Structure formats: C-alpha cells, structure tokens
Amino acid sequence: MQNRQALTLLLAANIISGFAQGISMLSIPWYFTSIINRESLFGIIYMVITVFTLFWSLYAGTLVDRYPRKNVFLSINVAGACVLGGVSLYGFIAGRLSVELVTLVFAATVFIYNIHYPALYAFGQEISEKHNYGKINSYFEVQGQATTVFAGAVGAVLLAGTKDKMVNLLGFDIHLPFEIRRWEMHEIFAMDAVTYLIAIVLIGLIRYVPTEKTGVHSGSVMERMRMGFTFLKQHPLIFLFGNMSYAIFVILLVEVHLLLPWYVNNHLEAGAGVYASADITYAIGALFAGLFIRYLFRNSSTVSAVILLMVLTTAGCFIVAFTKSVLVFFLFSVLIGVTNAGTRVLRVTWLFNHIPNNMMGRTGGV
C-alpha cells in the first residue's frame, strides 16, 4: 500500500477525536431526557439542526472536492477544539452550562460530522489503490466501531458515575476498585476539546501522494455544486442507490439521537448504564460487519446484500417495539450494528468504484 503511513495517521486521528465525540453525543440526548427532563425540546432542536444540515451538506461537499482533504480535516478539528474548548471553559468558570450552550455543542458536532465523513471517505479513496477500496472501508468501520465500544463503556461510567464502586454494563454489575463521580457536561466537553487538539497534531504529520491524478474544479460554489447534481443526473442509478441505501442509517439517526433515551428511560424503565451499553452492543455488531461483511456477501451483488440487510433491520424494529426485554433490546442493537455498518462498507466501496475522486464530496453531499 503506497500511503500506509498516511492511512495510519488518519486512522489514529479519527480514533482519538471519535472517542470523545462519541461520549459527547451519547451524553447530550441523555442530558435532555434524564437530567433536565425536556425531551420535547430536544426533539425540536434536533429537527431544526437537521433542516440546516441539509443545506450545509451540499456546501460541505463542494469544500471536500475543492481543497486538499488534509486541510479540510485540520479546519474541522480546529473548529471543534475552539467551540468545545470555549463552552467547557465557560462551564468551569460558571459552574454549569445553559441549555443553549449544550445545544451549541450538539449543533457544532453534527455539522462537523456532516463534513468529516465525506472528507474521510474521499481522503481514503484518494490515498488508496482501487483494489484496496473494500479493505480501506473495512478499516474505517472497524476503527470507528472499536472506538465506539470504548466510548460507550467510558460514557456509561461518566454519565451515571458509580454506586458502591459498581457500574452496570450490558446488564451486568461490574465492580471497580474505586468510586467515580458523575461527570458534568462541561467536563465531558473539555475532554472532547483536548482530543481535537491531539487530532490536529496527528493530521499535521500526514504526508501522502494521491494514487490517481484527478483535476480539481475551481469554479464558484454554485458551479461546483451544479456539477455534482449534473453528474448524478447523468448517472441516475448511482443517485438512486446512493440515497435508498441510507435507509438503515436514517433509522439509526432517529433511534440514537431521539428515540433511544426515551425508550430506555420510559419504556424499559432502565438507567444510564443500559443506555450507554446500547452503544457498546451496537458497536460489537458493527465491528463484526467491518470484519466479515465482505466475506459473507462475496458471492452476492451489493444491491441484493443491502436489500437483505434492510429487511433484517425492519424485522428487528418490529420485534423491539413489542417487547420490554433489555436482552432483546441489546440483541437488536447488535443487529442494527451489523446491518448499518455492513451496508455502509458495501455502499461506500460500490461508490468508490463508480464515482471519480474529484466528485466524491459533492455527490456524497447530494
């Protein structure tokens, strides 16, 4: 592999920043649902932010294709460090954070996600050879989900703290040699800001040579955006598959950011340990997908494989809706981890093989 060192540094930066991001995004829905008991407010906030990200994603795609991906990564990590560092500093000075500042962190992280992942996949395509596309996407998935497992475990401890030196993970009471108090939101955000700073250093060390020379389109934003739409209009099957294959991810977004804390708190009547453990069980399923999904579907077409994963996800949703079992809930989390991550590995590899690298950001944005 020509750019092995660059890929290693990219994965390392992704692991470090993704760990604290995962805890922050785990803690914010739980904060609204179980700490300040304002679930409906968070629903409205999530809706408003989502509307804005529809437009931001289109613009973000033009940035990914216009500027060196390394510079894009540096910029979003600098932005993340500034926002979370500033909010956490205020929290330490004031002793608490307002709902508005917690919302600011949530919005900033969502906006960072919406440029981070298009840039990550475009960068991965740019520094890897064509025959390594599937392997690279599996690396991204395994790395991301291993980070999620760790973030979920740490998040379970930080969100709830320990009681009598004990924390609940995956339904089991685990004894620790010491007591851990529940962390405040500004303390969690401070840890997140520090990881952004470490990621900046690692990304700054990346040196690479693109595996293919593709021209950079340098027209206006509207011209570059129009080229993305034109490409997909000329390739309608890419547009159809690219959108429809996101169905499982849409379910996951609504579940994780909106339904999950309500379901655990009100339907299962369980605590933060079960809530954070869902993140771990999801990541276990996703890890399995990252390692084995290409092998499992080696004799199937990508489209057939994605349809099967959608059917399994739909069945899992019905089952978990009509039960109140924590075990069934954890099994469903494993299932959706397999189906969502498996679909992502298959989808991104397919897109890598059908979209030129200098169009990847814009088509992904659309």
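Residues numbered from 1 in each chain as written. Predicted model: local features only at pLDDT ≥ 70, side-chain atom pairs only at ≥ 80, totals over all residues. Heavy atoms only, no water.

(A) Just the overall build of the protein, in detail. Each helix and strand in the protein was counted, giving 13 helices and two strands. A compact globule built from 366 residues would reach a C-alpha radius of gyration of about 21 Å, and the protein, at 20 Å, matches this within 12%. The proportion of buried residues among the 366 residues of the protein is 52%. Expressed as a percentage of contacts within the protein between residues at least 6 apart in sequence, the contacts between residues at least 24 apart total 83%. Surface accessibility of the protein: about 16,700 Å² in total, with carbon and sulfur atoms responsible for 69%. Put simply, the protein has 23 plus and 17 minus side-chain charges, and the middle of one group is 10 Å from the middle of the other. (Helix = DSSP H or I, 4+ residues; strand = E, 2+ residues; numbered from the N terminus. Rg over C-alpha atoms; globule rule 2.2 N^0.38 Å. Buried < 20%, exposed > 50% of the residue type's maximum accessible area, 1.4 Å probe, protein only. Contact = heavy atoms within 4.5 Å. Areas by Shrake-Rupley, 256 points an atom, 1.4 Å probe, with all protein chains shown as cover. Lys, Arg positive; Asp, Glu negative; His and termini not counted. Charge placed at Lys NZ, Arg CZ, Asp CG, Glu CD.)

(B) Up close: the packing of helix α7 (residues 221-234) against helix α8 (residues 236-244). Closest axis-to-axis distance for the α7/α8 pair is 4 Å, and the angle between their directions is 105 degrees. On the basis of their axis angle, the class for α7 and α8 is roughly perpendicular. Here Phe231, Leu232, Lys233 and Gln234 of α7 come into contact with α8, specifically with Pro236, Ile238 and Phe239. Here the contact of α7 with α8 is composed, by residue class, of five nonpolar, one polar and one charged. (Axes fitted to C-alpha atoms, helices over the stretch in contact; angles between N-to-C directions. Parallel < 35°, antiparallel > 145°, perpendicular 65-115°, else oblique. Nonpolar A, V, L, I, M, F, W, Y, C, P; charged D, E, K, R; others polar.)

(C) The arrangement of the confidence of the model for the protein in detail. For the protein, per-residue confidence averages 83 on the pLDDT scale, and residues scoring 70 or more make up 91% of the total. Averaged over each element, pLDDT in the protein is lowest for strand β1 (residues 166-169) (63) and highest for helix α11 (residues 302-321) (93). (pLDDT = per-residue confidence, 0-100.)

(D) Quick peek at the packing of aromatic side chains. Scanning the model with the defined rule gives 15 aromatic pairs in all. Ring centres 6.5 Å apart and planes at 35 degrees place the aromatic pair Tyr117 and Tyr121 in the tilted group. One end of the pair is Tyr117 and the other is Tyr121, both in helix α4 (residues 99-127) and four residues apart, which spans about a single turn. Over the ring of Tyr67 we find Arg66; its NZ or CZ atom is 5.1 Å from the centre of that ring. Over the aromatic face of Tyr246 sits the side chain of Arg347, whose NZ or CZ is 4.0 Å from the ring centroid. (Phe/Tyr/Trp six-rings, centres within 6.5 Å; stacked < 30°, edge-to-face > 60°. Lys NZ or Arg CZ within 6 Å of the ring centre and 35° of its normal.)

(E) Seen up close, the packing of helix α3 (residues 69-94) against helix α6 (residues 185-204). At a minimum axis separation of 8 Å, α3 and α6 run at an interaxial angle of 155 degrees. Considered as vectors, α3 and α6 are oriented roughly antiparallel to each other. Of the two possible hands of crossing, α3 and α6 adopt the one that is left-handed. Per-class residue counts for the contact of α3 with α6 are 15 nonpolar, seven polar and three charged. (Left-handed = near helix turned anticlockwise from the far one by under 90°.)

(F) Region of the structure containing empty space enclosed by the protein. Across all of its chains, the model carries one cavity of 30 Å³ or more by this definition. Here the largest cavity defines a volume of roughly 50 Å³. Lining the largest cavity are Leu10, Ala13, Asn14, Ser17, Phe73, Asn77, His116 and Ile203. For the lining of the largest cavity, the secondary-structure elements that each account for two or more residues are α1 (4-35) and α3. The residue makeup of the lining of the largest cavity, split by class, is four nonpolar, four polar and no charged. (1 Å grid on protein atoms, 1.4 Å probe; cavity = no way out; pocket = protein on both sides within 12 Å on 5 of 7 lines; lining within 4 Å. Points joined across faces, edges and corners; volume = space filled by probe spheres on them.)

(G) Region of interest: a nonpolar patch on the surface. Residues Ile44, Met47, Val48, Val51, Phe52, Leu54 and Phe55 make up a contiguous nonpolar surface patch of roughly 740 Å² in combined accessible area. With respect to the helices and strands, the residue Phe55 is situated in helix α2 (residues 39-66). (Patch = residues over 30% accessible without salt bridge, like charges linked within 9 Å, V, L, I, M, F, W, Y side chains within 5 Å. Salt bridge = Lys/Arg side-chain N within 4 Å of Asp/Glu carboxyl O.)

(H) The arrangement of α7 in detail. Taking 1.5 Å of rise per residue, the 14 residues of α7 would be expected to cover 20 Å, and the 20 Å separating its terminal C-alpha atoms lies within 8% of that figure. By the burial criterion, the buried members of α7 are Arg224, Met225, Gly228, Phe231 and Leu232. Seen end-on, α7 carries its buried residues on one side only, within an arc spanning 115 degrees. In α7, those exposed residues whose orientation departs by more than 90 degrees from the buried face are Met222, Lys233 and Gln234. (Expected span 1.5 Å × (residues − 1). Arc of directions from axis to C-beta.)

(I) Molecular detail of the pattern of salt bridges. According to the stated counting rule, one finds three salt bridges in the structure shown. With its nearest N and O atoms 2.8 Å apart, the salt bridge here joins Asp65 to Arg362. Of this pair, Asp65 sits in helix α2 while Arg362 sits in helix α13 (residues 360-365), placing them 297 residues apart in sequence. Look at Arg362 and you get buried, because its relative accessible area is 3%.

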